[in-house]
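Observations on the model geometry
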Amino acid sequence: MVCNRCKTIIEQQFKREGFEVESIELGKVVVKGDKEFDFIKLEELLKAEGFELINNASEVLIEKIKISMIQKMEKNDVENILSELPKEFGKSYAVLSRYFSKSEGMTLEKYLINLKIEKVKEYIQINQLNFSEIAYSLNYNNSSHLAKQFKSVTGMSMSQYKKLQDWNRKELDKIV
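Read on for an overview of the structure. (Residues numbered from 1 in each chain as written. Predicted model: local features only at pLDDT ≥ 70, side-chain atom pairs only at ≥ 80, totals over all residues. Heavy atoms only, no water.)

**Section: the nonpolar core**
Across soluble globular proteins, nonpolar side chains have a tendency to be buried as a group. Membership of the largest hydrophobic core comes to 31 residues, with the highest contact counts inside it found for I65 and M69. For this core, the elements supplying multiple residues, two or more each, are α3 (57–74), α4 (81–89), α5 (93–104), α6 (108–126), α7 (131–137), α8 (143–154) and α9 (158–164). In this view, M69 contacts I81, L82, L85, L108, Y111, L112 and L115; residues no more than four positions away in its chain are not counted. Counting nine residues, the second largest nonpolar core, distinct from the first, contains F19, I24, V31 and L53. (Core = buried A, V, L, I, M, F, W, Y, C linked by side-chain atoms within 4.5 Å. Buried < 20%, exposed > 50% of the residue type's maximum accessible area, 1.4 Å probe, protein only. Helix = DSSP H or I, 4+ residues; strand = E, 2+ residues; numbered from the N terminus. Contact = heavy atoms within 4.5 Å.)

**Remarks on the pattern of salt bridges**
All chains considered together, the criterion is met by eight salt bridges. For K72, the salt bridge goes to E84, with nearest N and O atoms at 3.5 Å. Residue K72 is located in helix α3, and its partner E84 is located in helix α4; the two are separated by 12 residues in the primary sequence. Taking the relative accessible area as the measure of exposure, K72 reaches 11% and is therefore buried. Exposure remark for E84: the relative accessible area of 22% places this residue in the partly exposed category. We note a salt bridge from E122 to K119, for which the minimum N-O separation is 3.5 Å. Pair noted here: E122 and K119 are both in helix α6, with a separation of three residues, about one helical turn. Taken together, the shared-partner salt bridges in this structure form one network comprising E63, K66 and E104. (Salt bridge = Lys/Arg side-chain N within 4 Å of Asp/Glu carboxyl O.)

**Some remarks on the pairing of strand β2 (residues 28–32)**
Where strand β1 (residues 20–25) and β2 come together, five bridges link them in antiparallel fashion. From the neighbouring strand, V21 faces β2, where its bridge partner is V31. Between β1 and β2, which follow one another and run antiparallel, lie two residues, and G27 among them has a positive phi close to 80°. (Pairing = 2+ DSSP bridges.)

**Thoughts on the packing of α4 against α6**
The contact between α4 and α6 brings their axes to 11 Å, and the two run at 125°. Judged by the inter-axis angle, α4 sits oblique to α6. As for the relative orientation of α4 and α6, their crossing is right-handed in sense. Contact with α4, carried on its side by I81, L82 and L85, involves L108, E109 and L112 of α6 and no other residues of that element. Considered class by class, the residues forming the contact of α4 with α6 number five nonpolar, no polar and one charged. (Axes fitted to C-alpha atoms, helices over the stretch in contact; angles between N-to-C directions. Parallel < 35°, antiparallel > 145°, perpendicular 65-115°, else oblique. Left-handed = near helix turned anticlockwise from the far one by under 90°. Nonpolar A, V, L, I, M, F, W, Y, C, P; charged D, E, K, R; others polar.)

**Let's talk about the packing of aromatic side chains**
Scanning the entire structure with this criterion turns up three aromatic pairs. Aromatic pair F150 and Y161: ring centres 5.7 Å apart, planes at 70°, arrangement edge-to-face. A residue pair is termed long-range when its members are at least 10 positions apart, and F150 in helix α8 and Y161 in helix α9 qualify at 11 residues. What makes Y161 buried here is its relative accessible area of 0%. It is K116 that lies over the ring of Y140; its NZ or CZ is 4.7 Å from the centre. (Phe/Tyr/Trp six-rings, centres within 6.5 Å; stacked < 30°, edge-to-face > 60°. Lys NZ or Arg CZ within 6 Å of the ring centre and 35° of its normal.)

Printed below as a string of C-alpha cells:
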C-alpha cells in the first residue's frame with residue numbers, strides 16, 4: 001500500500017516531466033505513452049522528495065521481495081511468506097536469501113520478524129485484538145513466543161508498549 005500523499009507527490013513529479021501516470025503501486029509507477037525518460041533528472045526530483053529510483057537488477061529484485069512480503073503482511077497472509085518466495089521469483093530460497101542478506105545486512109527471516117513486530121505495534125495501537133489474538137493472526141504458535149520476539153526487537157514488553165502510547169513505529173520501507 002502506498003499512502004495518498006506519496007502518490008500525489010510522485011504523480012506531480014512525473015507530470016512536471018510531461019508523463020501521464022497510469023498507476024502507482026508500492027515500488028512501481030506505470031506511465032502512458034512511450035516518451036523517453038531522463039533518468040538522471042527524474043532521480044534528482046524523486047530524491048528531493050525522499051524517494052529513490054532503482055535501476056540495478058539486484059536492487060530491483062530485493063525491492064520486489066520486500067514489496068511482496070509487505071503486501072502479504074497487509075493482507076494477513078503470513079503463513080507461508082518465506083516459502084512462497086522461490087515460486088514467486090523463480091530462484092531458490094538460498095539464492096534469494098544470499099542476495100537479500102548481502103544487500104540489506106539482515107536475513108529474510110529477520111526482516112520478516114521486523115515486519116511482524118511493526119504489525120504488532122499497529123494492532124496494539126488500534127486496540128481491537130488482545131495479545132493472543134494478535135499472535136494467532138500473525139501465525140505464532142503462542143503469544144509467549146511473540147512476546148519474547150517483541151521484547152527482543154523493541155526492548156520492552158507488549159504491555160509496556162501499550163501503556164507507553166508513544167507510538168514509535170517504523171515506516172515499512174525503513175525497516176532495514
